[in-house]
Amino acid sequence: MPRPLGDLEDAVMTRVWQWNRPVTVREVLEDLQQERSIAYTTVMTVMDNLHQKGWVRREVEGRAYRYTAVSTRAAYAAALMNEAWAQSDNPAAALIAFFGMMSHDQREALNDAIRIVQRDNPIATPPEQGAEGTGAQER
């Protein structure tokens, strides 16, 4: 399970995920500088750390690297949710509390996701029981 990204790591990864293409330190730096004062070497260090942690892969292009995300933001969020849920001593209660925090739109998105997963990965259901409850199906 990945540990949560730090604030600056998240700011960098947000750009890598949004742009969905190989990016350079310079591109990320220039975009970050619209929000904050930050040095090239700081962004370079963060991107190198993200590479070391396995969040991005990099390829040499001239004298620079181009960085590409290894997975999606959705996969990252799912891994964080899964880890949080696994840490609970009562997973059912944790889910109930989590669902209770959701907005109507979030619950609708959850229902849509459940329908998709059930459609794509149907769980084998036991055969319907006959009138005598024997488990035999009528043909």
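Scroll up for the structure.
Criteria and thresholds
Within each chain, residue numbers correspond to sequence positions counted from 1 in written order. In keeping with the model being predicted, local features are shown solely for residues with a pLDDT of at least 70 and side-chain atom pairs are shown and tallied solely at 80 or more, while totals for entire chains, interfaces and linings include all residues. Only heavy atoms go into the side-chain values, all of them from the structure, while hydrogens and water stay out. A run of H or I in DSSP becomes a helix once it reaches four residues, and a run of E becomes a strand once it reaches two; helices and strands are each numbered from the N terminus. Between buried and exposed lies partly exposed: a residue is buried under 20% and exposed over 50% of the maximum accessible area for its type, with that area taken using a 1.4 Å probe on protein chains only. Residue contacts follow a heavy-atom distance rule, with two residues in contact if any of their heavy atoms lie within 4.5 Å. Calculation of accessible area relied on Shrake-Rupley with a 1.4 Å probe; when residues are assessed, cover is drawn exclusively from the protein chains displayed. Think of a nonpolar core as a cluster: buried Ala, Val, Leu, Ile, Met, Phe, Trp, Tyr and Cys residues, connected wherever their side-chain atoms sit within 4.5 Å. Only residues whose relative accessible area exceeds 30% and that take part in no salt bridge are eligible for patches, with like-charged residues grouped when within 9 Å of each other and nonpolar side chains (Val, Leu, Ile, Met, Phe, Trp, Tyr) grouped when within 5 Å. The working definition used for a salt bridge is a side-chain nitrogen of Lys or Arg within 4 Å of a carboxyl oxygen of Asp or Glu. We treat two strands as partners when DSSP finds at least two bridges between them.

Structural notes on the overall build of the protein
Inference 1: Helix and strand counts for the protein come out as six helices and two strands.
Inference 2: For the protein, the sequential pattern of α-helices and β-strands runs α-α-α-β-β-α-α-α.
Inference 3: Put simply, the protein has 139 residues, and 20% of those count as buried.
Inference 4: Counting only contacts in the protein whose residues sit at least 6 apart along the sequence, the fraction spanning at least 24 positions is 42%.
Inference 5: For the protein, the accessible area works out to roughly 10,200 Å², and carbon and sulfur atoms hold 52% of it.

A short note on the nonpolar core
Inference 1: The biggest cluster of nonpolar side chains holds 22 residues, and the ones touching the most others in it are Val-12, Met-13, Leu-32, Val-43, Met-47 and Leu-50.
Inference 2: When residues of this core are assigned to their parent elements, the largest contribution, six residues, is made by helix α1 (residues 7-19).
Inference 3: In this structure, Leu-50 is in contact with Leu-5, Glu-9, Val-12, Met-13, Trp-55 and Val-56, ignoring residues within four places of it in sequence.

As for a nonpolar patch on the surface
Inference 1: Judged by side-chain polarity, Met-81, Phe-98, Phe-99 and Met-101 come together as a nonpolar surface patch covering roughly 420 Å² of accessible area.
Inference 2: Among the elements that line the nonpolar patch, the one with the most residues is helix α5 (residues 91-101), at three residues.
Inference 3: Examined against the element boundaries, Met-81 turns out to sit in helix α4 (residues 73-86).
Inference 4: For Met-81, a relative accessible area of 47% gives the class partly exposed.

Section: the pairing of strand β1 (residues 56-61)
The side chains of a regular strand alternate, first on one face of the sheet and then on the other.
Inference 1: Relative to strand β2 (residues 64-69), β1 runs antiparallel, the two being bridged by six bridges. Pairing of Val-60 across the sheet is with Tyr-65, part of β2.
Inference 2: Hairpin geometry of β1 and β2 is characterised by an intervening segment of two residues between the two adjacent antiparallel strands and by a positive phi of about 65 degrees at Gly-62.

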